[in-house]
Amino acid sequence: MADLIWRNATLLAKKEGTEGTANAPAAGDAILCSALEAKLQRDWHSRAYMGSVGERPGVIGAQTGPGLSFQTEIKGNGTTNTPEIDELLESAFGLVSTGTGSSTITTGASTTSLPLASGTNFTVGNLVMVETATADVYESAMITVVSGATLTITPALSFTPADGADVKEMRTYQIAVPPSGVNSLTCDVFYNADSGAGQFDRFVGCHPSALKWDSPRAGAIPMLSWELLAWNWAQSVAGTRPTPTYDTASPKAALASKLKIGATLTDVFDLSWDLGLVTVPKVSQNSTLGIYGTPIVDVNPKGSFKIHPAHTSVAHFTGWTAETAVTLLQQVGNALFGTVAWYCPQALRREVARQDDGGVQAEEIQWDATVQDDALATATGQDAALYFAVG
């Protein structure tokens, strides 16, 4: 019966108003997920402080360690650019820009410059979708400059937009460390009637401690793998299991996927990245509180992909040495409210390994997403190491 209990578990997640203070999720906060696993262990916090020799054991109430892991789909909901896992993504990246800009090309567009009927609401650092020669089919890029009603974008589009083509801004998640505002979550995991309809685990003060993207095979829905670390956990048998409300919109059939290295469309496979999340206490001191700790999330994105040199041009790898940064952009889907994209402004090649792929020569390229300048996703610098967008 244990399998039935887990098969029918329900996950709900809601952003907290105060770090570590429960904000009870409701039916509308349900997350459609798979491979859900609650981790109920509790680890002692060591008590290192000035003047001590070594460390001392923690005290009751100072334990962490509980959390949960699961996988989610990532897609537009068919009518807006806000995905079901919006608050999860905001918690992981730290900052979200709603992406409300919408306009059309006037005249004189190029692959990197978009003159619009109106530049209102378009924001530097957000990704946009530009309509191709095929109606209602879009290609993604990042806004680097907004000058009046003209957008400068990167990387270059693979086509020149026609007059009257639609340009839609995407909802863009940007790394901001430490996170702006409060991005912690309260997560409830309810179980089926075999274990009591009102029994649930509540995880408070949750922060993502791992977020991984595995590029989908052709036609598949992209998936994100999550691990959340909680500051506190409690069990209850007095809750009321809600009837979950899920996003039921289906993505467009045969989702297209494309990757650009620089501005070059490249055939790759087995592409993945890890946001490199680590939840740590940031220790500070002031005259009011003395020495105190605040939980923050460090981020160090990195990834890899493979190519078949015999079937893919590798000319654009020639200049990508260990000290040269290139842009990476992957897009899955090409329809409005059905597209997901991520963008790395500066990827450094870390390692290239030759491999065998069923008798075909392959190369695996590993890369790090470097942090630029002040490491903040500011409107003037686009300094974050990785951007994630839904449109």
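Just so we're clear, the structure is a prediction, and the values are computed from it rather than from any experiment.

Novice: Before we move on, can you summarise the packing of aromatic side chains with the specific residues and values?
Specialist: By the definition in use, this model includes ten aromatic pairs. Where W342 meets W367, the ring centres are 5.7 Å apart and the plane angle is 10 degrees; that geometry is what we call stacked. Taken together, the residues span a long stretch of sequence, with W342 in strand β26 (residues 340-357) and W367 in strand β27 (residues 360-369) at a distance of 25 residues. Just as W342 is buried, W367 falls in that class too. These aromatic residues form a ring-pair network of at least three members: F93, Y173, W213, W273, W342, W367 and F388.

Novice: Describe the nonpolar core, listing the residues and the values that go with them.
Specialist: Judged by nonpolar contacts, the single largest core of 64 residues is most densely connected at W342 and F388. The biggest single contributor to this core is β26, with six residues. What F388 contacts, discounting residues up to four positions off in sequence, is I74, L89, F93, R171, T172, Y173, W213, L224, W273, V340, A341 and W342. With 16 residues, the next largest nonpolar core counts A141, L157, F159 and V167 among its residues.

Novice: Hey, could you go over the pairing of strand β15 (residues 185-190) for me, with residue numbers and the actual values?
Specialist: Most of β15 is tucked away, with six of its six residues classed as buried. Burial along β15 is two-sided: the face carrying L185, C187 and V189 and the face carrying T186, D188 and F190 are both buried. Relative to β15, strand β1 (residues 10-15) is paired through six bridges, and the arrangement is antiparallel. Considered in β15, the bridge of T10 is made with F190. In this sheet, strand β16 (residues 200-214) lies alongside β15 in antiparallel orientation, the contact comprising five bridges. For V189, the partnering residue across the bridge sits in β16 and is D201.

Novice: Report on the pattern of salt bridges, specifying residues and quantitative values.
Specialist: Per the counting criterion, the structure on display carries nine salt bridges. In this structure, the salt-bridge partner of D368 is R350, at a minimum N-O distance of 2.4 Å. Here D368 is found in strand β27, whereas its partner R350 is found in strand β26, with 18 residues between them in sequence. One salt-bridge network, held together by shared partners, links E139, K258 and K260.

Novice: Please provide a residue-by-residue account of the confidence of the model for the protein chain, values included.
Specialist: Residue-level pLDDT values for the protein chain average 81, and 76% of them are 70 or greater. When pLDDT is averaged over each element of the protein chain, strand β9 (residues 113-115) comes out on top at 98 and helix α1 (residues 2-7) at the bottom at 49. Here residues 1-6 is a poorly scored stretch, pLDDT under 50, and it has ten contacts once near neighbours within four places are set aside; other chains count. Predicted confidence is poor over residues 374-382, with pLDDT under 50, and the contacts of this stretch with residues over four places away or in other chains come to 23 contacts.

Analysis parameters
Residues numbered from 1 in each chain as written. Predicted model: local features only at pLDDT ≥ 70, side-chain atom pairs only at ≥ 80, totals over all residues. Heavy atoms only, no water. Phe/Tyr/Trp six-rings, centres within 6.5 Å; stacked < 30°, edge-to-face > 60°. Helix = DSSP H or I, 4+ residues; strand = E, 2+ residues; numbered from the N terminus. Buried < 20%, exposed > 50% of the residue type's maximum accessible area, 1.4 Å probe, protein only. Core = buried A, V, L, I, M, F, W, Y, C linked by side-chain atoms within 4.5 Å. Contact = heavy atoms within 4.5 Å. Pairing = 2+ DSSP bridges. Salt bridge = Lys/Arg side-chain N within 4 Å of Asp/Glu carboxyl O. pLDDT = per-residue confidence, 0-100.

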